[in-house]
Amino acid sequence: MALLERESLLKAVEGYLAEAAAGRGRLVFVAGEAGVGKTAFVSRVVSDAASSASVAVGSCDGSSTPAPLGPLVDMLPDLPSDVWPEGAARHEVFARLSSVLRQCSRPHLLVIEDAHWADEATLDLVRYLARRVHQMRALVLVTYRAEEAASDHPLRVLLGDVATSVGIRRADLSPLSVAGVRTLVEAGSGGHTPEAAAATAAPTATVESQVDPEQLHRVTGGNPFYVTEVLAVGGTSIPRSVRDAVLSRTARLSPPARLVLDLVALAGPRTEVELLQRLAPGCGDALDEAIDRGVLLLTSGVVTFRHELARRTVSEQVPALRRLSLHRGILAELEADPGADPARMAHHAEAAGLPEAVNRHATEAAARAVALGAHREAAEQLRRALDHADRELGERRAVLLGQLSYELYVTDRTEDALEARRQALAIWECLGERQHIGEAHRWLSRLSWFAGDNAQAERHAILAVETLAGTEDSAFAMACSNMAQLRMLAGDLEGTRQWGGKALRLVERLPEAPGAEEARLHALGNVGTAELDGGNADVGLAMLEESLRRAQAADLHEHAGRAFCNLAAIAVRQHRHHDAEVALKEGLEYCVERDLDAWSVYLRGWEALQLAERGESEVAAQRAEVLLRQPRLAVVSQIVPLSVRARSRARTGRGDWLEPLESAQALAERTGEAQRLGTVAAAGCEIAWLAGDVSKASRVAEKAWQVVRTETSPWIRGIVATWLRPELARGTAGLAPPYALEVAGRWREAAQVWAELGSQFPEALALARSGTRDGLGDAALLFDGMGAVAAAARARALSRARGWAPPRGPHAATREHPKGLTVREAEVLPLLTEGLSDAAIAEHLVISRRTVEHHVASILGKLGLTSRRDVPAFVTEQCG
């Protein structure tokens, strides 16, 4: 039977599957409101593909805190047995799945349903596949309810992250038109019955002709589920809500069938037949009745409601005492099964009002989530355990609070992590546990720094050292290393050496143990970062890389993530772009695969800054915008992308740069760190120059210089010193080479150094600030090529003010490409037409391969093409 009003989308998905069979995989987000027919659409795709592809289907659980990687678990029976070997880490499972989908002889169709309920690990799986699917023989369908993925929903963040990936497509399912509703009404009146677009079963009741399709469409909004439910109960009147329609339909079932319905509703979206039979022996006839009436479905030994909305409606109507009894029965059966999911048991224990069982199962579920890197789910389970734990301020509660604080910390929920750690500290103080008190202060120091409160970070760091002094153990070594970290972040090389050296000497006297190793690599990372940033490249890089290597070997994920962040940030700051790209790529892969949100978002901020320095202002702005839409972003992770947003908007002629610049300034001042203040000051100076206010640029630089001048990094000192008034700048020393040349007024030489580094925007800016005729002319042309409209206009204005004729700007036809391509995209297009690879295009245009991938995806979208192979024919046809 045909799906109503879905023919074009089915045809498109058929094409995507054909591309997947040829090794050009696609991931399709299938979006629509509840009841619009996502399940039916996917079911039709699965049915059509059964003969040509290997199919695996998994669903996300919306009934409770979802089990990590639940959809993948559902798929395992239909995937090769070695995809998830026992004991494999999550990133290994992802890699194995990727390998299978690349090397398979028969294309795969994978379906992940209801991603709006996805756990964090499943979202990371989708992100992982999205970035690689174009190299796989796979079509991945991901369904979700658009209305449940609000702006701060993790799925919405994911959609933004992967929007420009090569293999991503969208299929938005809209409600039925009036004509579609009329077709269903006529089908129920005795004509041919098509399957509804929403994939509910076609109406089974005869509908009288007095049902007005237009009125039905108006009341239901064309939602196929509402329409078919109304028609299924007779259609003689329009119910006020779908709840009435569902309950009217279920009321016709016999009492035994309604009991089965209640059990299935409370057991969750998917109920195993074996579990149902144990809970209600002899329920076969009742189950058959519910299935025959079209309320329940039975697939591969699993019972589900035809619609999740119907399941929720039924579950809400179960009387309180009966609900309690049924949840306890379900829990008892699950506890008798050694392989039962602890997250599922925690949900039923909570609904059954059994606090001890909640605490036990939630704690186990949290540990399992941590093992899989699903830190957000771990945090929710720990919250659940704490909600049902003994309220007395005992050791057990303090331990849970500490665990919760850590999970909140790594998932970038800093304020919540601070509160949990404060509560833990209060308990440890009541208990007089010295070591735990000291460790809590150390964690509060770290969390306060993430929150941008450096004064509190320093206070807690001192308290940690004072509390643990004399213990001569790994806890004291970590407290000393934490002091070294704060000195490193403040640009104090000598202070970092002092505290880091103390930590390392103490560790050498300790027996080998996980705590000692953690303190060792933490201190190595701090001292190495300070040495590298301060100009001692060989020593610093060796120490920092040793810290990273040891952290990876010991599976100390947090410390490895921090090492990647330091390597990437310093490489970007020092304009070592190749090294930066390697560190960013490897660091992001590592952190994303292990759910280290706090570090992955920090890395993305520096990635945006690198793009801005290389002249890719538009791409940099897009990366910053996506990043800043993320909820609960830590203060230190906001400053760089906010400054990139302000600079990019100003460079390209947008007038809305003031708000992000002021926000970045306020946050940088909260930290008091030279590296933050210097970054924001450089943005403010550049924007002032673009506006023609050189004196303001000098004032901004002088204010920041009061803090930055004590910084040991020659690059941080340089980004501010170059904007000082000449009489002040001449007295500066210890600047990075290109900045030293700028301060000396050797602008053309400085531009040459920037060009050799691959930093196109600083190159053009140095030429423009030279004030020479040739310098201004060259700068204008360079700015044109970068799409930096305002910067090019400023260079031309300065030329005219000196009586020189500036070079002509780009022709209007170039500025306003008929297909909406940017200047850079217009440069990429002919190279794409020649069949050049991304790597070759990147080399030709002296930009990163990642940037090329972004431009190619954008070009294909604007030209309405699905494959780069279609570009030559398209260009030939358009050019005639």
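For the structure itself, consult the block above.
Quantities reported herein were computed from a predicted structural model and do not represent experimental measurements.

What is the right way to look at the overall build of the protein in this model?
Of regular secondary structure, the protein possesses 46 helices and 8 strands. Relative to the 2.2 N^0.38 estimate, which gives 29 Å for 880 residues, the radius of gyration of the protein is 31 Å and therefore close to what a compact globule would have. Each of the three principal axes of the protein carries a C-alpha extent, and together these read 90 × 80 × 50 Å. Looking at the protein as a whole, 58% of its 880 residues are labelled buried. Once local pairs closer than 6 in sequence are excluded, the contacts in the protein between residues at least 24 apart make up 66%. Accessible surface, the protein: about 34700 Å² in total, of which carbon and sulfur atoms supply 51%. Charge centroids of the protein, computed over 99 positive and 115 negative side chains, lie 4 Å from each other.

I tried to follow the nonpolar core on my own but got confused; where do I start?
As a rule of thumb, soluble globular proteins bury nonpolar side chains together. Counting residues in each nonpolar core, the largest one holds 98 residues, and the members touching the most others are Tyr 409, Phe 450, Trp 599 and Val 644. Counting residues per element, this core draws most heavily on helix 23 (residues 474-489), at 11 residues. With residues near it in sequence (within four places) discarded, Tyr 409 still touches Ala 417, Trp 443, Arg 446, Leu 447, Phe 450, Glu 558, Ala 598 and Trp 599.

What exactly am I supposed to notice about the sheet that holds strand 6 (residues 271-272) here?
In spatial order, the strands read 6-8-7; together these 3 strands make up an open sheet with antiparallel pairing. The two strands at the open ends of the sheet, each matched to only one other strand, are strand 6 and strand 7 (296-299). The sheet contacts of helix 11 (residues 255-267) involve strand 6, strand 7 and strand 8 (302-305), and relative to strand 8 the element is tilted by about 90°.

In this structure, what is going on with the pairing of strand 1 (residues 26-32)? I would like to understand it.
Along any regular strand the residues' side chains alternate between the sheet's two faces. Among the 7 residues of strand 1, 7 are classified as buried, and the element is accordingly described as predominantly covered. Here strand 1 shows no split at all, with Arg 26, Val 28, Val 30 and Gly 32 on one side and Leu 27, Phe 29 and Ala 31 on the other all buried. Relative to strand 4 (residues 138-145), strand 1 is paired through 7 bridges, and the arrangement is parallel. Looking at strand 4, one finds that Val 30 is bridged to Thr 143. With 5 bridges joining them, strand 1 and strand 5 (residues 168-172) adopt parallel strand pairing. Each bridged residue has a counterpart across the sheet, and for Phe 29 the counterpart in strand 5 is Arg 170.

Would you explain the sheet that holds strand 1 in this entry?
Hydrogen bonds along the backbone pair up the strands of a sheet, which may run parallel or antiparallel. Ordered by their spatial adjacency, 5 strands build an open sheet running 2-3-4-1-5, and the pairing between neighbours is parallel. Each having just a single partner strand, strand 2 (54-59) and strand 5 make up the two edges of the open sheet. Mean inter-strand twist for the sheet, computed between neighbouring axes without regard to direction, equals 15°. In the packing of helix 1 (residues 7-21) onto the sheet, the strands contacted are strand 1, strand 4 and strand 5, and the crossing angle to strand 4 comes to about 145°.

How should I be thinking about the pattern of salt bridges in this particular structure?
Should the charged atoms of two oppositely charged side chains come close, the side chains can pair. In the structure shown here, the tally under the stated rule is 51 salt bridges. For the salt bridge of Arg 651 with Glu 686, the shortest nitrogen-to-oxygen distance reads 2.7 Å. Pair noted here: Arg 651 is in helix 31 (residues 635-651) and Glu 686 is in helix 33 (residues 674-690), with a separation of 35 residues, a long-range link. Arg 651 gets classed as buried once you look at its relative accessible area, which sits at 0%. A single salt-bridge network, built from bridges that share partners, covers Glu 508, Glu 512, Glu 517, Arg 520, Glu 546 and Arg 550.

Got a minute to help me understand the side chain of Thr 250 in this structure?
Looking at the element boundaries, Thr 250 is found in helix 10 (residues 242-250). Its relative accessible area of 9% is what places Thr 250 among the buried residues. If we ignore the near neighbours within four places in the chain, the residues touching Thr 250 are Arg 258, Leu 261, Val 295 and Val 314.

What counts and how
- Residues numbered from 1 in each chain as written.
- Predicted model: local features only at pLDDT ≥ 70, side-chain atom pairs only at ≥ 80, totals over all residues.
- Heavy atoms only, no water.
- Helix = DSSP H or I, 4+ residues; strand = E, 2+ residues; numbered from the N terminus.
- Rg over C-alpha atoms; globule rule 2.2 N^0.38 Å.
- Buried < 20%, exposed > 50% of the residue type's maximum accessible area, 1.4 Å probe, protein only.
- Contact = heavy atoms within 4.5 Å.
- Areas by Shrake-Rupley, 256 points an atom, 1.4 Å probe, with all protein chains shown as cover.
- Lys, Arg positive; Asp, Glu negative; His and termini not counted.
- Charge placed at Lys NZ, Arg CZ, Asp CG, Glu CD.
- Core = buried A, V, L, I, M, F, W, Y, C linked by side-chain atoms within 4.5 Å.
- Pairing = 2+ DSSP bridges.
- Axes fitted to C-alpha atoms, helices over the stretch in contact; angles between N-to-C directions.
- Salt bridge = Lys/Arg side-chain N within 4 Å of Asp/Glu carboxyl O.

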